Amino acid sequence: GEGGVGDGVILNDNTPTARVSGSGAVWVVPILAWYHMSFDTEPDIEHTKVHPPNMVMSDFKLCKWPAGLDPLDDSVAAALDRVNDERQGWGDFLAALEGGTREERGAHLITFSHFLPRLELCPEKRMLFYPNLPKAVGSDYILRRIQGLATFGRANAELVAESNLGSTSTPGGGWSRREHVHVFGHTHFGWDHTLDGIRYIQAPVSYPNEWKQRPGSLTVGPDTRGAEFNLSREAPQMLDAPLCIWDAKRDEVVDVEESGEGLAGPERAVAGLKSCGGGGGGHGEFGFVGEMRARWSDHYKENPRDPDNTEFAWWVKGAMRGAKA
C-alpha cells in the first residue's frame, strides 16, 4: 500500500519509484547493480605487485551465485541489471516519465545505486592504498540506465514546460532538461561533482576508524544548514540527519560573506535553500541544494584525470614504507 513519508513523499510498495507531490516534484529511483572488473578501463600499476580483487576482497568468498553466473566476468552485473526490468518496474517508470501526468513528466530526478556508474567517481589507481579497487566498484549498466533520463520523453516537451514542476525552461518557453542527481556509495570518498549533465553525490558513513584516519576525504559540505557531513569526533558540529540534497527554497538568495553562515558556493549560496526540515512544509517550492565541497571531487574539478601516470602518490609511498618497516 501507499504511505506518506516526510513532507509529501509518496511511496508505493509495488514500485521502486517515488515522488514528492507539490511544487517541485522529484522522482526517487533506486537502481540495482553489481560491479564487474571490465568497468576499470585505465592502465594498471605494473611496477609493483598488486593482487586482483578476488584474492583480497571478501565479496568473492561470501557471495554465492546461481549456476552460470561468474563474478570474474560481467555475468553477475548483467543479471542484477535485468532485475530492474523484471521486478523493479523500470518500464513503468519510463512510461510515466514520458507519458504520465504533467507532474511525472516534469519532475526532477534522484537516482541512486550502491555502486559507481562512472570510473571518474573513483580516484586514480596511484592515489589508492589498494590500486586495484576500481575493478570492484562500478557497473557500466548503471550509466546506461541513467545517462538519458534528463531528456527522456522530449516528444512531450511542450506539456512538460506547461507543468513548470521541475524541468528547466528556455527563455522562449521551450523545455530543456530535468535536473538529475545520482547518489552512490561503496568507495567511502565524499563526492559532489557534475559530469555530462548529471550531478553525482556520495556522503559516506564509512567505518569509525576511517573517520579517525582520513576525515578530510570523507567530509562533504557545508550543506544547507551550514554544517558539514562529518562524523568524526573532532567535528565541531555533528549532523543529526543525513546530508541534505533536496529542500524547500527560500524567498531570497543569501549572500554567504554577509550572512556568516559558511555555506558552500562562490559568492552566493546557489539555489537559496532553507535548512533541511526547517521550513516550507509540504506546500512550498523545492529544489536541489547547491553544489557542496568534497576533497576528492574538488580535486578533479581543478585537476584533469591522468590515469597514465602510475607513480604512487606520496601518502601511498609512505604507507608502503611503513608496511615494510
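This structure is a prediction, so every number in the text was calculated from the model and none was measured.

Rules behind the numbers
- Residues numbered from 1 in each chain as written.
- Predicted model: local features only at pLDDT ≥ 70, side-chain atom pairs only at ≥ 80, totals over all residues.
- Heavy atoms only, no water.
- Core = buried A, V, L, I, M, F, W, Y, C linked by side-chain atoms within 4.5 Å.
- Buried < 20%, exposed > 50% of the residue type's maximum accessible area, 1.4 Å probe, protein only.
- Helix = DSSP H or I, 4+ residues; strand = E, 2+ residues; numbered from the N terminus.
- Arc of directions from axis to C-beta.
- Phe/Tyr/Trp six-rings, centres within 6.5 Å; stacked < 30°, edge-to-face > 60°.

This part covers the nonpolar core. Trp27, Phe93 and Tyr200 are the most contacted members of the largest nonpolar core, which has 44 residues in total. Mapped onto this core, the elements with two or more residues apiece are strand S4 (26-30), helix H4 (90-99), helix H6 (140-146), strand S9 (191-195), strand S10 (198-202) and helix H10 (295-302). Element by element, the count of residues in this core is highest for H4, at four residues. Membership of the second largest hydrophobic core comes to 18 residues, among which are Ile110, Leu218, Val220 and Phe229.

Once that is clear, we can look at H4. Those residues of H4 that fall on the buried side of the exposure criterion are Trp90, Phe93, Ala96 and Leu97. One face of H4 carries all of its buried residues, which in axial projection span an arc of 125°. For H4, exposure combined with an orientation more than 90 degrees from the buried face picks out Asp92 and Gly99.

It is worth spelling out the packing of aromatic side chains at this point. What characterises a pair of aromatic rings is the spacing of the ring centres plus the angle enclosed by the ring planes. All chains considered together, the criterion is met by 15 aromatic pairs. When the ring of Trp34 is compared with that of Trp65, the centres are 5.1 Å apart and the planes differ by 70°; the resulting orientation is edge-to-face. One end of the pair, Trp34, is in the loop between S4 and helix H1 (53-56); the other, Trp65, is in the loop between helix H2 (59-62) and helix H3 (75-86), and 31 residues separate them in sequence. Using a relative accessible area of 16% as the deciding quantity, one classes Trp34 as buried. Judged by centre distance (5.4 Å) and plane angle (70°), the rings of Trp34 and Phe115 are edge-to-face. With Trp34 in the loop between S4 and H1 and Phe115 in the loop between strand S5 (108-112) and H6, the pair connects residues that are 81 residues apart, well separated along the chain.

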